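Architecture at a glance
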Amino acid sequence: MSMFFSEEPVQFQCPVPEETGFTPDELQEILSLLESGGDSVSLSPNSGSEGSSRAVYNDNERRLRRMISNRESARRSRWRKKQYVENLSSQMNRLELENQELKKRLGSALRQWHVVWGENERLRFESVALQARLSNLYRILFTMQAQ
């Protein structure tokens, strides 16, 4: 056991608060717990495994571990939210482009419809005029046959 733990106190340097997400007060509390040594903690080389070799923590250490766990969970949650927002943003950009393309196609279809509608109206008038002319020709033919 002595080859893993030395009797000399370990000095911890305070990390930059912006990098950790902890406030300076929280960092100081963490460092003070770490500097106090793990007097109330019984750690074995397999402290993370099941059974009798489990680590026993006091209230402050449990609170510290929970705080660290919560910070990490919040960091992962912020990352997932960022990914979600980025995906929504990219989907929005794609849909905006698709919407612009559909508007162009609709405008083109409306212009084409207007041209076809105008041609249809012209053909209808021409049809009415041809029917009237044919009717006159039938009358003339009928009059000529009657004489």
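One can find the structure itself at the top, above this paragraph.
To start, this report covers the structure provided alongside it. None of these values were measured; they are calculated from a predicted model.

1. Things to note about the overall build of the protein
From N to C terminus, the protein includes three helices and zero strands. Along its sequence from the N terminus, the protein presents helices and strands in the succession α-α-α. A buried classification covers 8% of the 147 residues belonging to the protein. Counted over contacts in the protein with a minimum sequence separation of 6, partners at least 24 positions apart contribute 32%. Summed over all atoms, the accessible surface of the protein reaches about 13,100 Å², with 57% contributed by carbon and sulfur.

2. Some thoughts on the pattern of salt bridges
If you walk through the whole model with that rule in mind, you get seven salt bridges. E72 is paired through a salt bridge with R75; the nearest N and O atoms lie 2.3 Å apart. With E72 and R75 both in helix α3 (residues 59–146) and three residues apart, this pair spans about one turn of that helix. By relative accessible area, R75 is classed as partly exposed at 42%. One salt bridge in this structure joins R122 and E119, with 2.5 Å as the shortest N-O distance.

3. Brief notes about α3
In this model α3 runs 123 Å from its N-terminal to its C-terminal C-alpha over 88 residues, within 8% of the 130 Å that 1.5 Å per residue would give. Within α3, the full set of buried residues consists of E61, L64, M67 and G107. The backbone nitrogen of N60 lies 3.0 Å from a side-chain oxygen of the residue at the head of α3, namely N58.

4. A word on the nonpolar core
In terms of nonpolar packing, the biggest core is built from six residues, these being F22, L27, I30, L33, L64 and M67. Only α2 (24–35) and α3 provide two or more residues apiece to this core. For this core, the leading source of residues is α2, giving three residues. With residues near it in sequence (within four places) discarded, L33 still touches N60 and L64.

5. Let's talk about the packing of aromatic side chains
For the coordinates displayed, the defined rule picks out one aromatic pair. Note on W113 and W117: the rings are 6.3 Å apart at their centroids and 25° apart in plane angle, and the pair reads as stacked. Of this pair, W113 and W117 both sit in helix α3, separated by four residues, roughly a single helical turn. On the basis of relative accessible area, W113 is assigned to the exposed category, the value being 52%.

What counts, and at which threshold
- Residues numbered from 1 in each chain as written.
- Predicted model: local features only at pLDDT ≥ 70, side-chain atom pairs only at ≥ 80, totals over all residues.
- Heavy atoms only, no water.
- Helix = DSSP H or I, 4+ residues; strand = E, 2+ residues; numbered from the N terminus.
- Buried < 20%, exposed > 50% of the residue type's maximum accessible area, 1.4 Å probe, protein only.
- Contact = heavy atoms within 4.5 Å.
- Areas by Shrake-Rupley, 256 points an atom, 1.4 Å probe, with all protein chains shown as cover.
- Salt bridge = Lys/Arg side-chain N within 4 Å of Asp/Glu carboxyl O.
- Expected span 1.5 Å × (residues − 1).
- Polar contact = N/O pair within 3.5 Å; in protein donor to acceptor, adjacent residues only side chain to side chain.
- Core = buried A, V, L, I, M, F, W, Y, C linked by side-chain atoms within 4.5 Å.
- Phe/Tyr/Trp six-rings, centres within 6.5 Å; stacked < 30°, edge-to-face > 60°.

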